[in-house]
Every structure is written in structure tokens, then in C-alpha cells.
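# Reading the structure
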Amino acid sequence: MLLTVMSFLIGCTALPQSGLLTDWTLQRQDGGPAYQVTVPTTVAGALNQAGILGADLLLEDHYKAADKTLFEKPWVFTTRFGARKGNVTVLRFNALNFRADIDLNGHRIASADTTCGSFAVRELDVTRFVKSRNTLKVTVYRPESGELNHGYVDWNPRPLDESMGITGNVELISTKDVQVEDVFVRPVVNPDNLSEAGMLVNNWVCNRSESAVEGVLRGTYEGGSFEVPVKLEAGEKKEVTVSQTILNPRIWWTRELGSPELYHLNVAFVSGGAVSHQKDVTFGLRDIEGYVDENGHRQFRLNGKKVLVKAAGWTDDIFMQDTPESIALQVGLVADMGLNCIRFENIWGKDDTVYDLCDSLGILALVGFSCQWEWEDYCGLKETKGYGCINDPVSEDMAVRYFRDQVIRLRNHPSLIGWLTGSDRIPNERLEKRYLEIYNQLEYRPYICSAKGLTSLGGPSGMKMEGPYEWVGPDYWWTNTTAGGAYGFNTETGPGLNIPQLENLRRTVGEKDLWPIGPNWAYHCTASSSHMNSTAFQEKVMAGVYGEAADLQDYMRKAHALDYDSQRAMYEAFRGNVPNATGIVQWMLNSAWPSLYWQLYDWWGVPTAGYYGTKAACRPVQLVFNYKDGSVLAVNETIPEAAVEATLKVYDIHSKLVREEKKEITSRAYEPVKVFEKIAGPCFVSLEIDGPFKARNFYAIPAGDNVYSAKDEWWGVETDKYADLRFVSELPEALVRMDIRKTGDSYEITLENVSEVIAYQNILKALDNSGNLLPGAFWSDNFLSLAPGEKCTVRCTPGPGEPVFAFNSWNAKLAE
């Protein structure tokens, strides 16, 4: 939309006098068309939404030809707002990337030489410049190499614009005198007595007027309130601390341990019977404890209960195009898998939407700085051994400002359990002293110096970062005791290639490269220069485990099986090895662009095979195969005591039942228990739990284990000899009957194996009328296998519209 049209529309409508400024225009500084955009946004994100960067920019190899010169010159964001006569007016910029000149009604109120930094928050008192109708211009400049920018590291190509833009909310604050600048609620919860809780409410108020003001600071929340008389001299800023006791409190838990109960607090400064300014805060009452145990492993407790952290690593979209709806879908997928935590390496989010959702859905959040700033190739600053790239006064000052502002921004979120100030390295001592001084003043959660097994002034991290980032067999997670195996707290690891389902793979690489494997497959792997940058490693694994792929369909079924089995075993092994295993973070949860690597669901929000492997592994009470000794364990970290019936069925490679056992067992939290003795491969294993908790699991077990190289590399480990699962490739054709029944907003799909052959890895798909997979289709189970004669009903909630259901399988076809 052209600027002249936008100007006319704004002139005819009431202008905002407070709140978020979201409606802007965007134009190159040297001229050209202006586009109507919604802030926060990056420049590239806005142009992509406007269709300027070309259709399907992120698909196939189109991104290679994208015009980066568009972003060499500054871009200007323009908006208009009103002002209340006689009031003080403040503009709050929550994030500008990277440098900005800010002009109000033709006056330069901030300049790019001092207004810089991706994660710095700024408040500007603009009272003397405002009038009844105001024009605000923000001219943004792209970050350069060596500046502390957003970190996508080697996960994907760099954003065309280096994320330049207004990347946080712009708030218009209006008050007749006093501003409530910040409110911090520090919960006081005794895990031994949850019938009572307290909170310390720290309120920062500032008199922005030229006269002394007397009034009352009034707070109201569910079941309570407080009032405190406050006197402020002209220009005075004051901290007002209030202590509250809450009887029979609603305690915040993760979704697996209870209900994520939230409170809402309104704090207002009242003077002369009128509210000058107010602030709303959402908080939770809970106790979080983090410590390093006797084995040197980081352990978290929530309200006195141990938590095995089951997490995955988040990234924002490459152009920061995530919307509240897309973020809600993604956090919903996290909850659906049974994960209880998201790791944010980088301070992601244009606003607090993702953290708010973690709060309301009971998902823990582990936040911290990115390794983008720890490697010279990515940061552009010279590395100092052991300390990364933040070692000069300018970058240290910038990092300290980031840290202070982001600690303040996020500290009311009950989901937040800790801060990591390093990822692959630790801060240098001079820098860390400043971090610790800030943290001890502003925070109470565990401080963690690194995601790697390092020690600093802040103490030992208690973490490990030993990979692998490429495929390893399911047995690795159970047997490895020197690197990424199931012990301690592994902050980033996973089986590497998490290939999208075929419909979205086709969109990603394009028809011409689809088969045989073309260059676009490698282009949509990671951006690493040394590993994970093609499918060659996976092809070697596939040939060793199942045999070489004969065609595209064969490749897809084998790639999905490799993904599902290793992903599932990773989480299961950590569950089976508590308390020695304390945390596991899948690298990664999602992708910034259409990708083949490191994702439990793809860029469109459609689950991969690894998603369903994770979901099977993380059911509250589950039977899991222990690849270390061939036994079956019952695992459970959340249910104090669950009485269930456990069933084991073993089938030979010809699908004949050769062993069946049933047992009544009691599963207790944090007490993995052996249920069935050793099972020897090659065979298929079916496991089922019945009772108040229901779960199923199905495995193809090889005759022997994989044999790994004695040397672990940073990216993973080579396999010298592969565990042979070729018998799965030799399964005859099975016959499955499918019945679909609509029940309200969801569908029940019943699959019945009506043959005498195991139907292996049956995939159910919900498609639109164009044959595209529906993002946001939630399946209770998928990629499931059926023994001869077995029947299974799963539920699909596809969202709006009428889906078209499709069936795909390793070796089965649908009965007529």
C-alpha cells in the first residue's frame, strides 16, 4: 500500500494515545514504494509478507538468488500517534536491530551512533516534542560483522537483512505524572508446606513530572490486594517493595506434575483519585531449585519434586515471521509430545508470546545467550580461547546491557527455570563478574555459566555438550557412557536428519531434485561447513542398517524409521537411567526455514517421524526396551504410584508370535523397574500398558548392536559395524483395514491388520483438497505398527475444514 494512501487513512482515523504502536509504513530511505506493515517485524519479513522477495523464496534453491543489496541501505518505519494534552509521553522500544535514528515530528530524539544493540530496551521521554498529532520515524541500519546480532549459527542460512528492523514492541506510555516502570513478583514457596505461599512484589515508580507527587500504589490480584502511600519528588525514581501472604495458594506446576496455575496482578499509581499509570503482570507461585548433584550433573526441582528435563531447542523463523497463532501451534506440539521444557539458545521472540504460552501450558523454559557470539566465523569478532568473542570493552558493555534488559524482561515468567550466560564457552572473568552482580540483584533462579561441562566464577555448569548431532543407533543412548549417552544433563544432541514427510519434502527440494537425490537436498540441510550439510551420512547409515534405498518411497520409509527409532530411544534411555540422567535437549525442536535436519516438526508445523518417536517415549507411564541388556523397563517420572497391566509379545522375523507375557505391576515416579527379562533379536517386540494409563510401543530388534568407533568427534561418532535390520526390509505385504468416524471436531481412525504379517510403520496423513499436509493436525499416535490381527484406534484433531485422510505404510496396503 502506497504511503499517500496510508497517510489519507491515518488522517481519517483516531490516533492511538497509549498502548502498542503496531501500524506502520516501511520505505527505503532513498525512496521507492511504501508498504503497510505490522510492527514488530524485520525488514525482510515485511517485504516477504508483501510478496516483494519473490514467490516461494525459501523453497528449492530460490534463496541463493535473493537480492541482498536491498538491505545495504537504511529502511524507514513511519507511524503516527496522538498525545493527551498535559500528560507526559514516553516511547518504549523493546528491541531495535541493529542501529536506529529516531525522529519525532522532525526532531532527532535518538541517533544511530548510540541507539544500537539487538536486545537493548530503551525508554525515551518525548514530552517536549509531542503535539496532538505526531509523526514518528525510525530509520534502521543492518548489523555488520562483529556486532552482537541474533544467532542462527550454522542451523540455516543467514537472514538476507541480518534481522534488521523493529524487532520488539513499541509502546506509547502516557501519564499525568507517575509511571509504573516495572513490577517484579518473586514467589516465596516452601515445598514442605504448599498450603501457604508468599510473594515479594518489587515495584519501580518514576515521577516524570516537574512537581512533587503524593499518591497510593495499589495492587490487586486474585484473592488479595495492597496499598502503599508513596511520595515522589520531581524526577524521582523509587523502588517500593510489598510482601504478601497467600493462604491455600494455587501452585504452578508443569503439565506433567499438575496444573500450571497463574495469577494476574494489576499495579496502579493513584493520585488525586485518578490512575496516573498502571501495569499488568502475570505470575505463578512455585519454587524452583537447581543444583549440581554428587555426580556433577545439573538437577532441577520444582516445588520440591525432581524434574527430568525433556526438552528441545527453539529457533525463530528466519525472517521472524512467527505469529501468535503459529507460536501457539508450536508450543501445543511441544505439549502434545510430552516434552516439559524448551531451550532458547538466543533470546527469541519479538514479544513474550512464546514465554506466555510456556507459562499457561506448563512448559519449562531454559534461556540464554547464543554460541553465535562464541565462534569467530559466526560472530566476526576474534575468539579468545575458552571465552568466545565478547572480550573487548564495547562488546562487553553491549552484552551486559543485553543481559540486564533481558533478565528484567523475562523474570516474571514462572516457566523460566534458569539462565545460561554461555553456550559452547564461558564468559571471561571480567564479564562474568558484571553478569553475576546484575543477576544477584535482579534474579533468584539458578545461574548457569555454560551449556557445556565447564566451570566459571559462577560455579560448575553441571551440563554436558558432547553431541552427537548425527545419527546413532538406538543402542547408543543406552550404552554410551563417555559422550552423549543417557547420563547427566545433555544440552543439545539428537539423531541428525529429521526428514519431513514426503509432501513437504517435495515442496522443499522441488520436483526436479526429488529423486534421484539432487543438490537441493544438501542445500536444505544445515549451513555447517564441515558436517550435517548433506544426506551422505544418512545414506551410508541407511545402507548399513536396512540396505540401500531402491527408490524414493523406499528411501522415505527407511529415513523415517531411522529417525523414529533413534529419537525414541534417546528420550527412553534418559527416562530409564534416572536419577543418573537429569536432562536431555533434542537438537533441535523446529527449523527457521524448510529443512531436512534437526526438527521434530517441519517449518510448516507438520510432525516428522521423530516427533511420534518422542511422543511414544514420553507417555507418562511407558514400557521401554533397554538396548543395553535386552530387558523391558517401566518408566515414570510423574505419577506417585500407578498400578497397570503390562503385556509383552515377541514375534519372530516371519511375524509368528513366539513369546507372550502379562504382569500386574506398580510403577512409581523416578523408580524405573525391570518388568520383562532379556529379549534376543532378531525379532519384533510389542509392548502395551493397560489400566488408568495406557500406552503402546513396538520395536524391530536386531541380532546384535551397532559397533561404534572408539573416538567421539564433536559432531558424533562413526559406526564401524551396523546392527542389521534387513529383515524388516524383507517383510511381505500386509493388509490393513481402515475405518474413519467423525466425533465432534475430531476423527477416530481405526486400523486393523487383517493379515498374518506385521504391518510396520503405518503413517496416517490429514491433507487439504490440494494434497498438502495440514499443519496443526494433532494425532494421538502415528507411524504405528500393527501385529497380525491387531486393531488400534487413534484420534485426529485436524483443525478447521474437512480433511482428506491418506494411508502410507512400510509394507501394508489398504484392504478393499
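Let us look at the structure shown here. Computed from a predicted model, the values in this text were never measured in an experiment.

### As for the overall build of the chain
- Helices and strands together make up the secondary structure of the chain, namely 15 helices and 48 strands.
- Projected onto the principal axes, the alpha-carbon positions of the chain cover approximately 90 × 60 × 60 Å.
- Burial statistics for the chain: of 816 residues in total, 62% are counted as buried.
- At a minimum sequence separation of 6, the contacts of the chain that also span at least 24 residues come to 71%.
- Carbon and sulfur atoms make up 48% of the accessible area of the chain, which totals about 30,000 Å².
- Computed over 79 positive and 105 negative side-chain charges, the inter-centroid distance for the chain is 3 Å.

### Focus: the sheet that holds strand S10 (residues 133-141)
- Read across the open sheet, the six strands follow the order S3-S2-S5-S10-S7-S8; overall the sheet is antiparallel. Only two strands of the sheet have a single partner each, and these edge strands are strand S3 (35-38) and strand S8 (107-110). Taking the axes of each pair of neighbouring strands and ignoring which way they run, one obtains an average angle of 30° across the sheet.
- Where strand S2 (residues 23-28) and strand S5 (residues 75-82) come together, four bridges link them in antiparallel fashion. Each bridged residue has a counterpart across the sheet, and for Gln27 the counterpart in S5 is Val76.

### With respect to the environment of Val121
- Counting through the fold element by element, Val121 comes out in the loop between S8 and strand S9 (122-125).
- Each C-alpha atom, one on Val121 and one on Lys85, is 26 Å from the other, the two residues being 36 residues apart in sequence.
- Val121 has contacts with Arg92, Phe93, Asn94, Arg401, Asp405 and Gln406, leaving out every residue within four places of it along the chain.

### Things to note about the packing of aromatic side chains
- Inspection of the entire model under this criterion finds 46 aromatic pairs.
- Ring plane angle 45° and centroid distance 5.9 Å describe the contact between Trp314 and Phe344, whose orientation is recorded as tilted. Of this pair, Trp314 sits in the loop between strand S23 (309-313) and helix H3 (324-337) while Phe344 sits in strand S24 (residues 341-345); the two residues are 30 residues apart in sequence, bridging distant segments of the chain.
- Seen from their ring centres, Trp515 and Tyr555 are 6.0 Å apart, and the 55° between their planes marks the pair as tilted. Placement of Trp515 in the loop between helix H10 (511-514) and helix H11 (519-523) and of Tyr555 in helix H13 (residues 552-576) is noted, with a sequence separation of 40 residues between them.
- With relative accessibility at 33%, the residue Trp515 sits in the partly exposed group.
- Residue class for Tyr555 comes out buried when judged on its relative accessible area of 1%.
- Three or more aromatic residues joined by ring pairs form one cluster here, namely Phe119, Phe369, Trp373, Tyr402, Phe403, Trp419, Tyr435, Tyr439 and Tyr447.
- Here the basic side chain of Lys305 rests over the ring of Trp253, its NZ or CZ set 5.3 Å away from the ring centre.
- Over the ring of Tyr699 we find Arg568, and its NZ or CZ is 3.8 Å from the ring centre.

### Some details on the pairing of strand S15 (residues 213-221)
- Burial along S15 is one-sided: Val213, Gly215, Leu217, Gly219 and Tyr221 are buried, while Glu214, Val216, Arg218 and Thr220, pointing the other way, are not.
- Bridge count between S15 and strand S16 (residues 224-232): nine bridges; the pairing is antiparallel. What sits directly across from Gly219, in S16, is Phe226.
- If you look at the hairpin formed by S15 and S16, you'll find two residues sitting between the two strands, and Gly223 has a positive phi there, around 90°.
- Across five bridges, S15 lies against strand S18 (residues 263-271) in antiparallel orientation. Note that in S18 the partner of Arg218 across the bridge is Ala268.

### Structural notes on the sheet that holds S15
- Ordered by their spatial adjacency, four strands build an open sheet running S16-S15-S18-S19, and the pairing between neighbours is antiparallel. Two strands bound the open sheet, and with one partner strand each, they are S16 and strand S19 (274-283). Strand-to-strand twist across the sheet, computed as the mean angle between neighbouring axes with direction ignored, equals 15°.

### Topic: helix H4 (residues 353-361)
- All buried positions along H4 are accounted for by Thr353, Val354, Tyr355, Leu357, Cys358 and Asp359.
- Against H3, S24, strand S25 (364-368) and helix H6 (393-410) lie the buried residues of H4.
- Just downstream of H4 lies Gly362, where phi reads positive at about 75°.

### What to know about the side chain of Asn636
- Inspection of the secondary structure assignment puts Asn636 in the loop between strand S33 (632-635) and strand S34 (641-651).
- Within the structure, Asn636 has its side chain in polar contact with the backbone nitrogen of Thr638 (distance 2.9 Å).
- Looking at Asn636, its side chain comes within polar contact range of the main-chain oxygen of Ile639, at 2.8 Å.
- Contacts of Asn636, omitting those with residues within four sequence positions, involve Arg575, Pro620, Val621, Ser667, Arg668, Ala669, Tyr670 and Glu671.

### Observations concerning the packing of H3 against helix H14 (residues 609-617)
- Taken N-terminus to C-terminus, the directions of H3 and H14 make an angle of 45°; their axes are 8 Å apart at the nearest point. What the angle tells us is that H3 and H14 run oblique. Residues Leu333, Asp336 and Met337 of H3 lie in contact with H14, whose contacting residues are Tyr611, Thr614 and Lys615.
- Tallied by class, the residues present in the contact of H3 with H14 amount to three nonpolar, one polar and two charged.

### Regarding unusual backbone geometry
- A cis amide bond links Asn97 with the next residue in sequence, Phe98, at an omega value of 0°.
- In the segment running from Val578 into Pro579, the intervening peptide bond is cis, with an omega of 5°.
- Take Pro579: it is sitting in the loop between H13 and strand S31 (581-586).
- Even without being a glycine, Met320 presents a positive backbone phi close to 55°.
- Looking at where Met320 falls in the secondary structure, it is placed in the loop between S23 and H3.

Reading the values: the criteria
Residues numbered from 1 in each chain as written. Predicted model: local features only at pLDDT ≥ 70, side-chain atom pairs only at ≥ 80, totals over all residues. Heavy atoms only, no water. Helix = DSSP H or I, 4+ residues; strand = E, 2+ residues; numbered from the N terminus. Buried < 20%, exposed > 50% of the residue type's maximum accessible area, 1.4 Å probe, protein only. Contact = heavy atoms within 4.5 Å. Areas by Shrake-Rupley, 256 points an atom, 1.4 Å probe, with all protein chains shown as cover. Lys, Arg positive; Asp, Glu negative; His and termini not counted. Charge placed at Lys NZ, Arg CZ, Asp CG, Glu CD. Pairing = 2+ DSSP bridges. Axes fitted to C-alpha atoms, helices over the stretch in contact; angles between N-to-C directions. Phe/Tyr/Trp six-rings, centres within 6.5 Å; stacked < 30°, edge-to-face > 60°. Lys NZ or Arg CZ within 6 Å of the ring centre and 35° of its normal. Polar contact = N/O pair within 3.5 Å; in protein donor to acceptor, adjacent residues only side chain to side chain. Parallel < 35°, antiparallel > 145°, perpendicular 65-115°, else oblique. Nonpolar A, V, L, I, M, F, W, Y, C, P; charged D, E, K, R; others polar.

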